[in-house]
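Inside the fold
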Amino acid sequence: MTDAERAEQIMRFIYTLRSRGVTDPAVLRAMEKIDRGAFVTGIFAERAYEDTPLPIACGQTISQPSIVALMTEALEVNARDKVLEVGTGSGYQAAILSQLARRVYTVERHRALISEARAAFNRLDLHNITAIASDGSFGLPDQAPFDRIIVTAAAEDPPGPLLAQLRVGGIMIVPVGQSDAVQSLIKVRKLDSGFDYEELRPVRFVPLLEGMAKD
């Protein structure tokens, strides 16, 4: 691919994100800078810049770029924030967050995915991401509280351990639903008096599972 073709591909990619409702300039810059192709391998590599989810190892998926961008936008990340991501997957979402936050912790129950994500972070020279093989449903108590938490798998309810690790004033974005077909993206804001919940949009994510995967 020539430089001109690459530039046109990126331009179309950003135009698609804007057409899907992504407006935050910082998020769009992060989406432009981080090459999704670095996180998609094999036969799907040539589709890296399509706005569609794609299969990755361990039966998981890399989310479609517009959903990554919209979730990131809803998270309202600031430059001094410490962010927890539950469900590393390919590492693409964490890489986007790394452009916006001071520090990103990302946890994944599949060790193979963590290894691949770490390799991608190293190739892209992203040094403010800590990727950990762990049961994400329990968060990372040792690093709490977090300014922002993003969950990239669907829970029946916003997980209590994660809510407990969110600082007052913090925001969590989490898909909630009891089936593959009916899930809603929820924005949770932690207040002194409790939690404020806002329903954002229908989504489809793999389920949030407890325990480490056997692979």
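Just above sits the structure.
Read on for a plain summary of the structure.

Side note on the sheet that holds strand E9 (residues 194–203)
- Judged by pairing direction, the sheet is mixed, and its seven strands sit side by side in the order E5-E4-E3-E6-E7-E8-E9 without closing on themselves. With one partner strand each, in any of the chains shown, strand E5 (129–133) and E9 form the two edges of the open sheet. The average angle at which neighbouring strand axes cross in this sheet is 15°, direction not considered.
- Both strand E7 (residues 166–176) and strand E8 (residues 183–191) contribute to a ladder of six bridges, which runs antiparallel. For Val174, the partnering residue across the bridge sits in E8 and is Ile186.
- Taken strand by strand, helix H5 (residues 111–123) contacts strand E4 (103–108) and E5, and its axis lies near 165° from that of E5.

A closer look at the packing of aromatic side chains
- The full count for this structure, using the stated rule, is five aromatic pairs.
- Geometrically, the ring pair formed by Phe13 and Tyr49 is edge-to-face, given 4.8 Å between the ring centres and 80° between the ring planes. Linking Phe13 in helix H1 (residues 3–19) with Tyr49 in the loop between helix H2 (25–33) and strand E1 (54–55), this pair joins segments that are 36 residues apart in sequence.
- Under the relative-accessibility criterion, Phe13 is labelled buried at 3%.

Points about H5
- For H5, which comprises 13 residues, the first-to-last C-alpha distance of 19 Å matches the rise-based estimate of 18 Å (1.5 Å per residue) to within 8%.
- Those residues of H5 lying buried are Leu113, Ile114, Ala117, Ala120 and Phe121. For H5, the arc enclosing every buried residue in end-on projection is 125°, short of the 170-degree limit, so these residues lie on one face. Along H5, exposed side chains directed more than 90 degrees from the buried face belong to Asn122 and Arg123.
- Turning to H5, the residues buried within the fold contact helix H4 (92–98), E4 and E5.
- Following H5 by one or two positions, Asp125 has its phi on the positive side, about 60°.

A look at the environment of Pro141
- Here Pro141 lies in the loop between E5 and strand E6 (146–151).
- In this structure the C-alpha to C-alpha distance between Pro141 and Ala164, which are 23 residues apart in sequence, comes to 9.0 Å.

Comments concerning the packing of H1 against H2
- Across the interface, H1 lies against H2 with an axial gap of 10 Å and an inter-helix angle of 145°. Handedness of the crossing formed by H1 with H2: right-handed. Contacts from Ile10, Phe13, Ile14, Leu17 and Arg18 of H1 reach H2 at Leu28, Met31 and Glu32.
- When the residues that make up the contact of H1 with H2 are grouped by side-chain class, the tally is six nonpolar, no polar and two charged.

Notes on helix H3 (residues 65–75)
- Burial analysis of H3 places 11 of its 11 residues in the buried class, the great majority of the element.
- Restricting attention to buried positions, one finds in H3 the residues Pro65, Ser66, Ile67, Val68, Ala69, Leu70, Met71, Thr72, Glu73, Ala74 and Leu75.
- Looking one or two residues past H3, Glu76 carries a phi angle of roughly 55°, positive in sign.

Calculation notes
Residues numbered from 1 in each chain as written. Predicted model: local features only at pLDDT ≥ 70, side-chain atom pairs only at ≥ 80, totals over all residues. Heavy atoms only, no water. Pairing = 2+ DSSP bridges. Helix = DSSP H or I, 4+ residues; strand = E, 2+ residues; numbered from the N terminus. Axes fitted to C-alpha atoms, helices over the stretch in contact; angles between N-to-C directions. Contact = heavy atoms within 4.5 Å. Phe/Tyr/Trp six-rings, centres within 6.5 Å; stacked < 30°, edge-to-face > 60°. Buried < 20%, exposed > 50% of the residue type's maximum accessible area, 1.4 Å probe, protein only. Expected span 1.5 Å × (residues − 1). Arc of directions from axis to C-beta. Left-handed = near helix turned anticlockwise from the far one by under 90°. Nonpolar A, V, L, I, M, F, W, Y, C, P; charged D, E, K, R; others polar.

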